[in-house]
Amino acid sequence: MVNNIKQLHKEAQQAINQEKYQQAHQLIISILSQDKYFADGYFLLAMIASVHNNTAKAIELIKQAIVLAPEQVEYIAQLAKHYALINDHVQALQHADIAAKLAAKFALKSALTFDTIGVAYSQIGLHQKAVPFFKQAVAANKNNGIFFFNLGASLKFTGDFSAARKAYEQTIALMPSYCKAHAALTSLGDITSTSNHIERLTKLYQKLTQPEDLLYIGHALAREYEALGDYEKAYQYLNQSKKAKLAQLNYQASDDKQMFNALTELFNAPQLNNSATNELNTGYDSNEPLFVVGMPRTGTTLVERILSKHSAVTSAGELQHFGLILKELSKTTTNKVIDKETVMAVASINFSKLGKAYIDSTRAITGNSVKFVDKMPLNVLYAGFIIKALPKAKIICLDRGPLDTIVSNYRQLFAVNFSYYNYAYDLQTTAQFYQQFKQLTQLWLMLFPDNFYVVNYEKLVNEPEEEAKKIIKFCGLDWQEECLDIHKNAAPVATASAVQVRQPINNKSVGNWQKYKKHLTEVTEYLEKNNLL
């Protein structure tokens, strides 16, 4: 029987590697029918569940495997990674630390397990802890391009751009058509007429057929042509690649409008705002969180860096926690984290429970810091709910010039499968989203003047000390001169501004929209019509 199980196990592993999941599943069930204590059977079933995006089932099966093999590092590392995937950062960190200690104890040599531990740490936002494991992964296996790509990402976020560049180049050498690596390499900048990747990118672009691949390389080409001052070619690649991706999506700008309208309707309703005495609506008593919000690409990372240079403040990065917890408590089953149905359902939830669950979910990163920054820009949509759940929270909202905001959002390559940002595939829908954002911020400012503060980006970069002092004061902190030294802030930056904010505060980005002025006629007319210019 032992030999039979060994053979079935080998065949199951091969089937998974060949993506023959049904066959693998049958083989594993056969193994477990003979030996219900065969740990790797449960682990392999977990990997099949994971491939099919059933993360909860995968976690359940990995835990069963760990019961049978408590010191199997690979299992614990995968459990950490899967907890990170569902944004349970507390459990993810706990298990990543256990896996790391066991890896050292047993002098582990597995490249895959090193990479998995690194992925768990990086998913939490702990890129400085991730880098050593990614380095061990590439040392143990120099032929896996994804290992080098993961290393490159964490090196970039920790500010080691030279090493990140080498890692991305190694990924491309091993995987010439891996479009994410090309886009990531270009994002590091330092593009000149004598040092660029345009020829390589153009050849690859011409071979591509998948919209997602075209989007990555189209954005990379646009960025490189921008660096060379050829804004017309940059726009052409942006326009082509974004249209190709938009055609694949079922995006309706009207859905966003309904969501914005639902927020406005709900928070203008007397029954929501006059229910402070209801114990469900008193919120959770914590003054730790500082939310930095706004449209993306409007200076949110800059404000986060100013705040996190303060000795009393920790950066938690861009957390999706609040929206996901709110969605769970709403009990809605729509496929978007926030939409009209979810907004209306949230009115009756327990806001104290929401606030506590959110604070608890941040502990893996925030520890016992006096205050922490959550810099998820589109948390602006949740501002009213945040204040209901956390009445002592402070929310700093960025307000940047409309044309710079719209063009910067259009130029940005956001997370491809994150529907929050679908508006940014078209200039006109970006303008519409901006207009609705402006209306919503005015509502928040009117309803919550003690919690919601608007910062003008142009003022901030032109008068940084004066504006930074106002921000620090609003957050209830004493002024520290170090807050202006954002370029000396060693904390990781896992955002599109990872390169930019390693420099001193400057106003170089103000007025960038003018480079695309000829393509903004309809946008300008729309803004003028809505009194936004």
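Everything numeric here is computed off the predicted structure, so don't read it as measured data.

**Overview of the packing of helix 10 (residues 161–174) against helix 11 (residues 179–187)**
So, step 1. The contact between helix 10 and helix 11 brings their axes to 9 Å, and the two run at 155 degrees. The orientation of helix 10 with respect to helix 11, classified from their angle, is roughly antiparallel. Here helix 10 and helix 11 pass one another in a crossing that is left-handed. Here Arg-165, Tyr-168, Glu-169, Thr-171 and Ile-172 of helix 10 come into contact with helix 11, specifically with Ala-181, His-182, Ala-184 and Leu-185.
So, step 2. Here the contact of helix 10 with helix 11 is composed, by residue class, of five nonpolar, two polar and two charged.

**Concerning the layout of surface pockets**
So, step 1. What the second largest pocket holds in volume is close to 480 Å³.
So, step 2. As for the second largest pocket, its lining consists of 16 residues, of which Ile-16, Asn-17, Met-47, Val-51 and Leu-112 are closest to the centre.
So, step 3. Every element with two or more residues in the lining of the second largest pocket is listed here: helix 1 (2–17), helix 3 (39–51) and helix 5 (73–85).
So, step 4. Top contributing element to the lining of the second largest pocket by residue count: helix 3, with six residues.
So, step 5. Here the lining of the second largest pocket is composed, by residue class, of seven nonpolar, five polar and four charged.

**Describing the sheet that holds strand 4 (residues 394–399)**
So, step 1. With parallel pairing, the five strands of this open sheet are ordered in space as 2-3-1-4-5. The open sheet has two edge strands, strand 2 (313–315) and strand 5 (452–456), and neither has a second partner. On average, each strand axis in the sheet is tilted by 25 degrees relative to the strand beside it, whichever way the strands run.
So, step 2. Where strand 1 (residues 289–293) lies against strand 3 (residues 371–374), three bridges are found, and the strand directions are parallel. Paired with Phe-291 across the bridge in strand 3 is Asp-374.
So, step 3. Here helix 24 (residues 427–447) sits on the sheet in contact with strand 4 and strand 5, set at roughly 145 degrees to strand 4.
So, step 4. Docked against the sheet, helix 26 (residues 464–474) engages strand 4 and strand 5, running at close to 170 degrees with respect to strand 5.

**Notes on the pattern of salt bridges**
One side chain can pair with another of opposite charge once the charged atoms of both are near each other.
So, step 1. In this structure the tally under the stated criterion is 18 salt bridges.
So, step 2. Of the charged contacts, one joins Glu-71 and Lys-105 as a salt bridge, the two residues approaching to 3.2 Å between their closest N and O atoms. Of this pair, Glu-71 sits in the loop between helix 4 (55–68) and helix 5 while Lys-105 is found in helix 6 (residues 89–105), placing the two residues 34 residues apart along the sequence.
So, step 3. According to the relative accessible area criterion, Glu-71 is partly exposed, its value standing at 43%.
So, step 4. With a closest N to O distance of 2.8 Å, Glu-288 and Arg-363 form a salt bridge. Residue Glu-288 is located in the loop between helix 16 (270–273) and strand 1, and its partner Arg-363 is located in helix 21 (residues 363–366); the two are separated by 75 residues in the primary sequence.
So, step 5. Overlapping salt bridges bring together Glu-466, Glu-467 and Lys-470 as one network.

**Focus on the packing of aromatic side chains**
So, step 1. Scanning the entire structure with this criterion turns up 24 aromatic pairs.
So, step 2. Ring geometry for Phe-149 versus Tyr-168: centroids 5.6 Å apart, planes at 50 degrees, classification tilted. Taken together, the residues Phe-149 in helix 9 (residues 145–157) and Tyr-168 in helix 10 connect sequence positions 19 residues apart. Across this residue pair, the class does not change: Phe-149 and Tyr-168 are buried.
So, step 3. Considering the side-chain rings of Phe-291 and Phe-322, the 6.4 Å spacing of their centres and the 80 degrees angle between planes classify their relative orientation as edge-to-face. With Phe-291 in strand 1 and Phe-322 in helix 18 (residues 321–330), this pair connects stretches of sequence that are 31 residues apart. There is no split in this pair, since Phe-291 and Phe-322 are both buried.

Reading the values: the criteria
Residues numbered from 1 in each chain as written. Predicted model: local features only at pLDDT ≥ 70, side-chain atom pairs only at ≥ 80, totals over all residues. Heavy atoms only, no water. Axes fitted to C-alpha atoms, helices over the stretch in contact; angles between N-to-C directions. Helix = DSSP H or I, 4+ residues; strand = E, 2+ residues; numbered from the N terminus. Parallel < 35°, antiparallel > 145°, perpendicular 65-115°, else oblique. Left-handed = near helix turned anticlockwise from the far one by under 90°. Contact = heavy atoms within 4.5 Å. Nonpolar A, V, L, I, M, F, W, Y, C, P; charged D, E, K, R; others polar. 1 Å grid on protein atoms, 1.4 Å probe; cavity = no way out; pocket = protein on both sides within 12 Å on 5 of 7 lines; lining within 4 Å. Points joined across faces, edges and corners; volume = space filled by probe spheres on them. Pairing = 2+ DSSP bridges. Salt bridge = Lys/Arg side-chain N within 4 Å of Asp/Glu carboxyl O. Buried < 20%, exposed > 50% of the residue type's maximum accessible area, 1.4 Å probe, protein only. Phe/Tyr/Trp six-rings, centres within 6.5 Å; stacked < 30°, edge-to-face > 60°.

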